[in-house]
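Okay, here's what each chain looks like letter by letter:
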Amino acid sequence: MAKESTPNKKVIKTEPRKTDTPSGASMPLPGRKKVITRMTNTPTDFTFNRENIKWMLISVGIVSFGYILMMGGKMPSNNVWDEKIIYSFTRTVLAPVVILAGLGLSIYAIFLNKPSSENNS
């Protein structure tokens, strides 16, 4: 039988790159480069603009009005249980609908797009 020859292995030697001015975490503090970044937030960068905030405040007002409707009126006497006042149409139907309308308006205010400042003419 013939002897199997072992394949020749290629050895590639790499040397680390030498830089003139090292920087980074391994560099002592006085020798590090100072990186200055300025983050400015102008009103054009805000996610919500004046229109969104206006609709959000209106929706908060509508939801608050719904909760006030749900509170209803007070009992004529503390010793009397009046089911007509407790289970009235205003407390059981109208107030929850008003609250849901306010929450829907707040969702609309969140998804309201910014007006485009580009002229497409």
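It should be noted that the structure appears before, not after, this text.
Residues numbered from 1 in each chain as written. Predicted model: local features only at pLDDT ≥ 70, side-chain atom pairs only at ≥ 80, totals over all residues. Heavy atoms only, no water.

## Notes on the overall build of the protein
Here is step 1: Assigned secondary structure in the protein consists of three helices and zero strands.
Here is step 2: Ordered by position in the sequence, the α and β elements of the protein form the string α-α-α.
Here is step 3: Each of the 121 residues in the protein was classed as buried or not, and the buried ones make up 14%.
Here is step 4: For the protein, restricting intrachain contacts to residue pairs at least 6 apart in sequence, the fraction spanning at least 24 positions comes to 68%.
Here is step 5: When the accessible area of the protein is evaluated, it comes to approximately 11800 Å², of which 60% is carbon and sulfur surface. (Helix = DSSP H or I, 4+ residues; strand = E, 2+ residues; numbered from the N terminus. Buried < 20%, exposed > 50% of the residue type's maximum accessible area, 1.4 Å probe, protein only. Contact = heavy atoms within 4.5 Å. Areas by Shrake-Rupley, 256 points an atom, 1.4 Å probe, with all protein chains shown as cover.)

## Quick look at the pattern of salt bridges
Here is step 1: Summed over all chains, the structure comprises one salt bridge.
Here is step 2: Across the pair Glu51 and Lys54 runs a salt bridge whose closest N-O atoms are separated by 3.4 Å. Separated by three residues within a single helix, Glu51 and Lys54 lie in helix H1 (residues 50–71), roughly one turn from each other.
Here is step 3: With a relative accessible area of 37%, Glu51 lands in the partly exposed category.
Here is step 4: We classify Lys54 as partly exposed; its relative accessible area is 39%. (Salt bridge = Lys/Arg side-chain N within 4 Å of Asp/Glu carboxyl O.)

## Description of H1
Here is step 1: For H1, which comprises 22 residues, the first-to-last C-alpha distance of 32 Å matches the rise-based estimate of 32 Å (1.5 Å per residue) to within 8%.
Here is step 2: Restricting attention to buried positions, one finds in H1 the residues Asn52, Ser59, Val63, Gly66 and Leu69. Down the axis of H1, the buried side of the element spans an arc of 115 degrees, and every buried residue falls inside it. Residues Arg50, Leu57, Ile68 and Met71 are exposed on H1 and point more than 90 degrees away from its buried face.
Here is step 3: In the core, the buried residues of H1 are packed alongside helix H3 (89–111).
Here is step 4: Looking one or two residues past H1, Gly72 carries a phi angle of roughly 70 degrees, positive in sign. (Expected span 1.5 Å × (residues − 1). Arc of directions from axis to C-beta.)

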